Amino acid sequence: HGQHQLWLRLLVNDTRGEDRNVTYSALCDTARAEGVAPVFAGTTNCTREFMAVTFPGLISSRGDEHMAPAAPMSWNLSVDDGTRRHQLSLGQAMQQGYDFLVDGHDLILQVAFGATGVVSYKHDGKALYTAALELSFGPPERRLTAESRMICAPGPASCNSTHMTVAIPAFPGILLAVDVENRTIPMDQLQENGIALDTRRGIRLSISRGVLKSRQPGGSCSGLQHYMSSLKLAFRLHGEAVAMVMHPECPCEQHPPLAAACTQDGYMDFEVLADSTTPLLDLDALRLRDPGCRPAYKSPLNDRVWFHVPLNGCGTSFWSDGEEIHYENEVRALWTDLPLGTISRDSEFRLTVVCSFSNGDASLSVKVDDLPPLPPAVSHGSLSLVLLSYPEGSFRQPYREDQYPIVRYLRQPIFLEVQVLNRNDPNLQLLLDDCWATASPDPTSLPQWNVVVDGCEYDLDSYRTVFHPVGRGVSYANYRQRLEVKTFAFVSGAKALPGLVYFHCSVLLCDRFSPDSPLCTPRCPRPSRSRRESGMAAMGSAVVSLQGPVLLVPEEWSGAPGNILLSREAWAGLAMAAVGVLSLATTLLFLAFLKCLKRRVFRVNVVC
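Here the structure is a predicted model, which is why all the values come from computation and not from measurement.

S.K.: How do you make sense of the overall build of the protein chain when you look at a structure like this?
M.R.: Across its full length, the protein chain holds four helices and 44 strands. Residues counted as buried form 42% of the 608 residues belonging to the protein chain. Relative to all contacts within the protein chain whose residues are 6 or more apart in sequence, the contacts with residues 24 or more apart total 62%. With the model as given, the accessible surface of the protein chain reaches about 33100 Å², and the carbon-plus-sulfur share is 55%.

Shown next, in the form of structure tokens:
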């Protein structure tokens, strides 16, 4: 009768234990049933010039009769930029930055970064573009729609002698997954796969050159070019899962500079040139302390080799002088290493390489023994620390910088984690020294409240700090410390004051197998005289602060269960009010101090 009909029969077991059949039916007209389900595009292909998506099978699903120009069909493109929806005909879309290509049964849509409706996020010369679009064509009763949310960060990538860096400005998306060369890397295993992730200001991926491919592109480039054929990043953006594939590449290295770097992921990188000696050095005779470790790269002209030496391997030794941690290895080509009875006309060579880490930097020094010295090469890096806050005790996803201030009622838990970034030496251990809170971003300001003292819970606090173990599933657990603090407030008299509170921690880096300082072996509870009071020096300590404040609200503000939460704008207003009150109080204290100072000077003048 010109209708489609669906019958659904269920066998129901009711509470009395009896089975009974229940039948449901639905009808719809044939004309409505011939509508086609929407087609969704997948990953955005991100290039330097444009971004593109492919709608698979879209052309074949239309039917050949719709290909004729006289067919009663209209093409329309709808683009939503978050503030308005742009409705464009096919001709208007092609004039405003959209291009349509047919590849067999697939439709490819290319979008220029300046096209109508494209949203951009930019910072420090980096940009990210998004577009939420819907393509529709056909009469209303047989309309076919194709939808896509596109995302693209065109780069370019920046490169140095050890890493490629892909930077994406801050935007409302959350990174969910990283895929390198069609291989998905779990988010908690990025560092051990040569990728360092920093999400404090946007997204910053530092990719070790060991992960990259190299090629000789030819043409104007006579040297090597490092690149990555596929880097796929997946995000959660406005409640949707979106992804883009990038193809980052480094500039051509016409004449690669002499590399001498102490890398953040735990390597010594340095070069040895054949013309370092006279006659020319036999590069094949070079050996590290571990003869099994070979150069990572040898030039096609056989004029130089590049070593990529792990700080925890290849015979590298380390020691500490109380202020710095030093790593040392040696590359050499000596006659004494040759088999007995062998003669040689090659030059001898010995190169001592020392990599030193302190609180704020890392330096690599190169020293040649028994030969005219090479020009010293020094490279500075950083020993990066970060203090993160998490919404829950699973420590899965930390708060982003744009989510601060974090709002907490009194006695609600705050989950904190201290991390060392870009290091993989298993011999070192991160330990907490002190953690404390202040009413201003300055960690030395007053008043202060202790959270951790000498690596132990603060025994004068009735709500003790809880230390959480780092599970085995976390990469480099020896570089993390986790703790839970019950929210508190600074008080005036007997009343808690709402306001912003800033958290800080001082940490120690210690040799986990042979600690050479009492600070590296915390004992809780502490002895009557703390280690800090005894004046003992640590191997190397540093202070790190939470990237944003916590807005503490008295418990009575929470109201009854089921109360309506304040909006983000309200919290922001409350935070601004708290900052304003703090600024006013500071100004009044300063004026009172000046007035008191004037009175004191007057009295002295009278006496004189």
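S.K.: How do you make sense of the sheet that holds strand 18 (residues 203-208) when you look at a structure like this?
M.R.: Strands in a sheet are paired, the pairing made by backbone hydrogen bonds, and the direction either parallel or antiparallel. Strand order across the open sheet formed by four strands is 13-14-18-17, with antiparallel pairing between neighbours. In this open sheet, the two strands that pair with only one neighbour each are strand 13 (158-159) and strand 17 (195-198). Note: strand 13 against strand 14 (residues 163-168), two bridges, orientation antiparallel. Looking across to strand 14, one finds that cysteine 159 is bridged to methionine 164.

S.K.: What is the right way to look at the nonpolar core in this model?
M.R.: Buried together is how nonpolar side chains tend to be arranged in soluble globular proteins. Residues Phe55, Tyr98, Leu133, Leu231, Leu233 and Phe235 are the most contacted members of the largest nonpolar core, which totals 57 residues. Among the elements that make up this core, the one with the highest residue count is strand 11 (residues 126-137) (seven residues). Counting residues domain by domain, this core receives three or more from each of domain 1 (31-152) and domain 2 (158-246). When sequence neighbours within four positions are dropped, the list of residues in contact with phenylalanine 235 reads Ile151, Ile168, Phe171, Ile174, Leu175, Leu176, Ile203, Glu240, Ala241, Val242 and Met244.

S.K.: I would appreciate a short explanation of the pairing of strand 21 (residues 231-237) in the present structure.
M.R.: In summary, the side chains of a regular strand alternate between the two faces of the sheet. Counting buried positions along strand 21 gives five out of seven residues, so the element sits mostly inside the fold. Note: strand 15 (residues 174-180) against strand 21, six bridges, orientation antiparallel. Counted as the bridge partner of valine 180 is leucine 231 from strand 21. One ladder, built from seven bridges, connects strand 21 with strand 22 (residues 240-246); its direction is antiparallel. Within strand 22, the residue paired with leucine 237 across the bridge is glutamate 240. Count of turn residues in the strand 21/strand 22 antiparallel hairpin: two residues, of which histidine 238 carries a positive phi of about 50 degrees.

S.K.: I tried to follow the pattern of salt bridges on my own but got confused; where do I start?
M.R.: Should their charged atoms come close, side chains of opposite charge can pair. Under the criterion given, the structure shown has 13 salt bridges. We note a salt bridge from arginine 480 to glutamate 417, for which the minimum N-O separation is 3.4 Å. Residue arginine 480 is found in strand 39 (residues 480-486), and its partner glutamate 417 is found in strand 34 (residues 413-420); the two are separated by 63 residues along the sequence. Residue class for arginine 480 comes out buried when judged on its relative accessible area of 15%. The partner of glutamate 484 in a salt bridge is lysine 486, with the nearest N and O atoms 3.3 Å apart. Given a relative accessible area of 12%, glutamate 484 falls into the buried group. What makes lysine 486 partly exposed here is its relative accessible area of 28%. Within the structure, one salt-bridge network assembled from shared partners comprises Glu417, Arg480 and Arg482.

S.K.: Would you take a moment to explain the sheet that holds strand 34 for this structure?
M.R.: The four strands are arranged 32-34-39-38 in an open sheet whose pairing can be described as antiparallel. If you trace the sheet from one side to the other, it starts and ends with strand 32 (385-390) and strand 38 (466-468), each paired once. Pairwise comparison of adjacent strand axes, ignoring direction, gives a mean angle of 25 degrees for this sheet. Here seven bridges tie strand 34 to strand 39, and the two strands are oriented antiparallel to one another. Paired with phenylalanine 415 across the two strands is glutamate 484, which belongs to strand 39.

S.K.: Whenever I open this one, the confidence of the model for the protein chain confuses me. Can you help?
M.R.: As a general rule, the predicted coordinates of low-pLDDT regions are not to be interpreted in detail. Per-residue confidence for the protein chain gives a mean pLDDT of 75, with 68% of residues at or over 70. Ignoring residues within four places in sequence, the model shows residues 255-259, a span with pLDDT below 50, making eight contacts including any to other chains. Overall, residues 335-346 carries pLDDT values under 50, and its contacts beyond four positions in sequence, including any with other chains, amount to eight contacts.

S.K.: Just to check I follow, could you spell out a nonpolar patch on the surface for this structure?
M.R.: Together, Leu8, Leu10 and Tyr24 make up a nonpolar patch on the protein surface, roughly 290 Å² of accessible area in all. Note on placement: tyrosine 24 falls in strand 2 (residues 19-29).

S.K.: I keep staring at unusual backbone geometry and nothing clicks. Help me out?
M.R.: Note: most peptide bonds trans; most residues except glycine with negative phi. For the bond running from glycine 155 to proline 156, omega is 5 degrees, close enough to zero to count as cis. Looking at the secondary structure, you find proline 156 in the loop between strand 12 (144-152) and strand 13. The omega angle of the peptide bond from leucine 446 to proline 447 is 5 degrees, so this bond is cis rather than trans. With respect to the secondary-structure elements, proline 447 resides in the loop between strand 35 (428-438) and strand 36 (448-453). With phi around 50 degrees, aspartate 124 is a residue other than glycine that occupies positive phi space. Residue placement: aspartate 124 occurs in the loop between strand 10 (119-123) and strand 11. One non-glycine residue with positive phi stands out, namely cysteine 314, at about 60 degrees.

S.K.: Help me understand the state of the cysteines, please; the structure alone is not making it clear to me.
M.R.: Structurally, a disulfide amounts to a covalent bond that connects the sulfur atoms of two cysteines. Enumeration according to the criterion identifies four disulfides in this entry. Linked covalently through their sulfurs, cysteine 46 and cysteine 152 form a disulfide whose S-S length is 1.9 Å. Here the S-S torsion is close to 70 degrees, and the disulfide linking cysteine 46 with cysteine 152 is therefore right-handed. Here the residue cysteine 46 occupies a position in strand 4 (residues 44-46), and cysteine 152 occupies one in strand 12, the gap between them amounting to 106 residues.

S.K.: Could you clarify how one ought to interpret the packing of aromatic side chains in this entry?
M.R.: Aromatic rings in a pair are described by how distant their centres are and how their planes are angled relative to each other. Here the structure, examined in full by the defined rule, presents nine aromatic pairs. Between phenylalanine 113 and tyrosine 129, the aromatic rings sit 4.5 Å apart at their centres with planes inclined by 20 degrees, giving stacked as the arrangement. Separated by 16 residues along the polypeptide, phenylalanine 113 in the loop between strand 9 (106-112) and strand 10 and tyrosine 129 in strand 11 bring together distant segments of the chain. Residue tyrosine 129 is classed as buried on the basis of its relative accessible area, which comes to 11%. Geometrically, the ring pair formed by tryptophan 449 and tyrosine 458 is edge-to-face, given 5.6 Å between the ring centres and 80 degrees between the ring planes. The structure contains a cluster of three or more aromatic residues connected by ring pairs, namely Tyr121, Phe171 and Phe235.

Basis of the calculations
- Positions within a chain are numbered from 1, following the residues in the order the chain's sequence is written.
- Residues qualify for local features only when their pLDDT is at least 70, as the model is predicted, and side-chain atom pairs are given and counted only at 80 or more; totals for whole chains, interfaces and linings, by contrast, use all residues.
- Excluding hydrogens and water, the side-chain figures rest on all heavy atoms present in the structure.
- Put simply, DSSP marks the helices as runs of H or I at least four residues long and the strands as runs of E at least two long, and each gets a number from the N terminus on.
- Only protein chains enter the calculation, and the probe is 1.4 Å; a residue is then buried if its accessible area is under 20% of its type maximum, exposed if over 50%, and partly exposed in between.
- Whether two residues touch is decided by their heavy atoms; if any such pair falls within 4.5 Å, the residues are in contact.
- Using a 1.4 Å probe, accessible areas were evaluated by the Shrake-Rupley method; residue-level cover was limited to the displayed protein chains.
- Following DSSP output, two strands are said to pair if at least two bridges run between them.
- Residues belong to a common nonpolar core when they are buried Ala, Val, Leu, Ile, Met, Phe, Trp, Tyr or Cys residues joined through side-chain atoms within 4.5 Å.
- What marks off one domain from the next here is an automatic or database domain assignment.
- Any Lys or Arg side-chain nitrogen located within 4 Å of an Asp or Glu carboxyl oxygen qualifies as a salt bridge.
- Axis lines are fitted to C-alpha atoms, over the contacting stretch for helices. Their N-to-C directions set the angle, which ranges from 0 to 180 degrees.
- The predictor attaches a confidence to each residue, and that confidence, scored 0 to 100, is pLDDT.
- Each patch is assembled from residues with relative accessible area greater than 30% and no salt bridge, linking like charges that lie within 9 Å and nonpolar side chains (Val, Leu, Ile, Met, Phe, Trp, Tyr) that lie within 5 Å.
- Counting rule for disulfides: a pair of cysteine sulfur atoms within 2.5 Å.
- Aromatic pairing here means that ring centres of Phe, Tyr or Trp (its six-membered ring) are within 6.5 Å. Orientation follows from the plane angle: under 30 degrees is stacked, over 60 is edge-to-face, and everything else is tilted.

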